Amino acid sequence: MKTSKIVLLAALALATSVCVSQAQTLLLRMPFNDTGGGTTAQSDTSTGGANVALNTLGTNGTAANFQGIPGSGVSGLNVALDFSTNLSLNLGPVADNTASTALNFGTLSAYTATIWFNPRYSGPISPSGSGRYARIFTLGANGVADKGVANSLGVFWNNSTTINCAFGNGLSLAGSAQPGAFTPGQWYFIAVTYDGATATIYQGTDNGGNITQVAQQALTAGQITSATMTLNNASGSVLMVGNQTARGRPFGGRINDFRFYTNAASANFVEDIRWSS
């Protein structure tokens, strides 16, 4: 009986250890609820995560204020990063930090990223044949200037109906629950997870209901290797929101509450993030 109890306690300890090791740790939260007319966006460290500021730059690359008006955020609360005045498909504003040791996340083989966006338009966002698809965000190692390269994670608008996620220089996963063009003025929630074997995209809105799994793909031999899905940001990272570094893939609309976590979140955890925004 004593031996059985010891074995049981050891098993429980191991199970607890496994659960803890797979828990999500907040690495970064950019709420974009800044006020006061400044030209930076500050991270929220109240529940953990890096202390970092993004610079908000206009079309010409100079500092500019893109803080939204009160009530412009998700569900009409707080404010948002407001790029809705952007009318260009060639050059536009960006919020970025291009060489921050505060974004030193080490090597991550599993992670979760979430973000809210509210488009200003409903039609295709790139001129015919130009391939200028708007960037929602790109996170990468120092030197990364856009999505689709090693040690990067990027969410971008592929056309009027599809949000894609580019994992490193390998998988580009498409998924959207929208049957048609995204509705202008509607807040959309996107979450991307990678657990070391499978990439998943979830989507939702601020209109209630539940999130929907809109894409999922496991690694397959000959198609992609786990190495291309790993984020190696040991020497620091860059984060670009609403555009790329060169400002040539602008998003027109509002953005709220970017979050980045260790490990792949469950659908329930992702839902909790959506409701907490």
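Throughout what follows, the structure given in this document is the object of discussion. Worth saying up front: this structure is predicted, and the values here are computed from it rather than measured. (Residues numbered from 1 in each chain as written. Predicted model: local features only at pLDDT ≥ 70, side-chain atom pairs only at ≥ 80, totals over all residues. Heavy atoms only, no water.)

### Some details on the overall build of the protein chain
Turning to step 1, where the next piece is worked out: When helices and strands are counted, the protein chain shows two helices and 17 strands.
Turning to step 2, where the next piece is worked out: Expressed as a percentage of the 277 residues in the protein chain, the buried residues total 49%. (Helix = DSSP H or I, 4+ residues; strand = E, 2+ residues; numbered from the N terminus. Buried < 20%, exposed > 50% of the residue type's maximum accessible area, 1.4 Å probe, protein only.)

### Here's the deal with the pattern of salt bridges
Any two side chains of opposite charge can pair, on the condition that their charged atoms come close.
Turning to step 1, where the next piece is worked out: Under the counting rule described, the total for this entry stands at five salt bridges.
Turning to step 2, where the next piece is worked out: Residue Arg29 pairs with Asp44 through a salt bridge whose shortest N-O separation is 3.8 Å. Note that Arg29 is positioned in strand S1 (residues 26–30) and Asp44 in the loop between strand S2 (40–42) and strand S3 (53–57), a separation of 15 residues in sequence.
Turning to step 3, where the next piece is worked out: A residue is classified by how much of its surface remains accessible, and Arg29, at 17% relative accessible area, is buried.
Turning to step 4, where the next piece is worked out: One salt bridge connects Asp146 with Arg135, and the closest N-O pair in it is separated by 2.9 Å. Of this pair, Asp146 sits in the loop between strand S8 (135–141) and strand S9 (152–157) while Arg135 sits in strand S8, placing them 11 residues apart in sequence. Side by side, Asp146 and Arg135 carry an identical accessibility label, which is buried. (Salt bridge = Lys/Arg side-chain N within 4 Å of Asp/Glu carboxyl O.)

### Re the nonpolar core
Turning to step 1, where the next piece is worked out: The biggest cluster of nonpolar side chains holds 50 residues, and the ones touching the most others in it are Leu28, Phe117, Leu153, Phe167, Phe258 and Phe260.
Turning to step 2, where the next piece is worked out: Aside from chain neighbours lying at most four places away, what touches Leu28 is Ser43, Gly49, Ala50, Val52, Leu103, Phe105, Leu239, Phe258, Arg259 and Phe260.
Turning to step 3, where the next piece is worked out: Val74, Trp116, Tyr261 and Ile273 belong to the second-largest nonpolar core, a separate cluster that totals 13 residues. (Core = buried A, V, L, I, M, F, W, Y, C linked by side-chain atoms within 4.5 Å. Contact = heavy atoms within 4.5 Å.)

### Let's talk about the layout of surface pockets
Turning to step 1, where the next piece is worked out: There is about 150 Å³ of room inside the largest pocket.
Turning to step 2, where the next piece is worked out: When the residues that make up the lining of the largest pocket are grouped by side-chain class, the tally is four nonpolar, four polar and two charged. (1 Å grid on protein atoms, 1.4 Å probe; cavity = no way out; pocket = protein on both sides within 12 Å on 5 of 7 lines; lining within 4 Å. Points joined across faces, edges and corners; volume = space filled by probe spheres on them. Nonpolar A, V, L, I, M, F, W, Y, C, P; charged D, E, K, R; others polar.)

### Some words on unusual backbone geometry
Turning to step 1, where the next piece is worked out: Backbone geometry places Asn151, a non-glycine residue, at a positive phi of 60 degrees.
Turning to step 2, where the next piece is worked out: If you trace the backbone, Asn151 turns up in the loop between S8 and S9.
Turning to step 3, where the next piece is worked out: One non-glycine residue with positive phi stands out, namely Asp257, at about 50 degrees.
Turning to step 4, where the next piece is worked out: Positionally, Asp257 belongs in strand S17 (residues 253–262).
Turning to step 5, where the next piece is worked out: With a relative accessible area of 5%, Asp257 lands in the buried category.

### Describing empty space enclosed by the protein
Turning to step 1, where the next piece is worked out: Summed over the entire model, instances satisfying the criterion amount to one cavity of 30 Å³ or more.
Turning to step 2, where the next piece is worked out: In this structure, the largest cavity occupies an estimated 60 Å³ of space.
Turning to step 3, where the next piece is worked out: Considering the residues around the largest cavity, the lining is formed by 13 residues, among which Asp34, Ala41, Phe66, Gln67 and Leu81 are closest to the centre.
Turning to step 4, where the next piece is worked out: Considering only residue class, the lining of the largest cavity consists of six nonpolar, six polar and one charged.

### Here we look at the pairing of strand S16 (residues 237–241)
Turning to step 1, where the next piece is worked out: Burial analysis of S16 places five of its five residues in the buried class, which makes it a mostly covered element.
Turning to step 2, where the next piece is worked out: Residues Ser237, Leu239 and Val241 point to one face of S16 and Val238 and Met240 to the other, with burial holding for every one of them.
Turning to step 3, where the next piece is worked out: As defined by bridge partners, strand S5 (residues 94–100) adjoins S16 across four bridges and the pair is classed as antiparallel. What sits directly across from Asn97, in S16, is Leu239.
Turning to step 4, where the next piece is worked out: As defined by bridge partners, S8 adjoins S16 across five bridges and the pair is classed as antiparallel. From the neighbouring strand, Thr138 faces S16, where its bridge partner is Met240. (Pairing = 2+ DSSP bridges.)

### Things to note about the sheet that holds S2
Turning to step 1, where the next piece is worked out: Ordered by their spatial adjacency, eight strands build an open sheet running S2-S3-S5-S16-S8-S9-S10-S11, and the pairing between neighbours is antiparallel. At either margin of the open sheet sits one strand with a lone partner, and together these are S2 and strand S11 (172–175). Each strand axis lies, on average, 20 degrees off the axis of its neighbour in the sheet, ignoring direction. (Axes fitted to C-alpha atoms, helices over the stretch in contact; angles between N-to-C directions.)

### Focus on the pairing of S9
Turning to step 1, where the next piece is worked out: Counting buried positions along S9 yields six of six residues, so the element is predominantly enclosed.
Turning to step 2, where the next piece is worked out: On S9, burial covers both faces: Ser152, Gly154 and Phe156 on one face and Leu153, Val155 and Trp157 on the other are all buried.
Turning to step 3, where the next piece is worked out: One ladder, built from five bridges, connects S9 with strand S10 (residues 163–167); its direction is antiparallel. Note that in S10 the partner of Trp157 across the bridge is Ile163.

### Quick look at the packing of aromatic side chains
Turning to step 1, where the next piece is worked out: This model, assessed by the stated rule, comprises 12 aromatic pairs.
Turning to step 2, where the next piece is worked out: Measuring from ring centre to ring centre gives 5.5 Å for Phe105 and Phe260, while their planes differ by 40 degrees; the resulting arrangement is tilted. Taken together, the positions of Phe105 in the loop between S5 and strand S6 (106–108) and Phe260 in strand S17 put the pair 155 residues apart, joining distant regions of the chain. With respect to class, Phe105 is no different from Phe260; both count as buried. (Phe/Tyr/Trp six-rings, centres within 6.5 Å; stacked < 30°, edge-to-face > 60°.)

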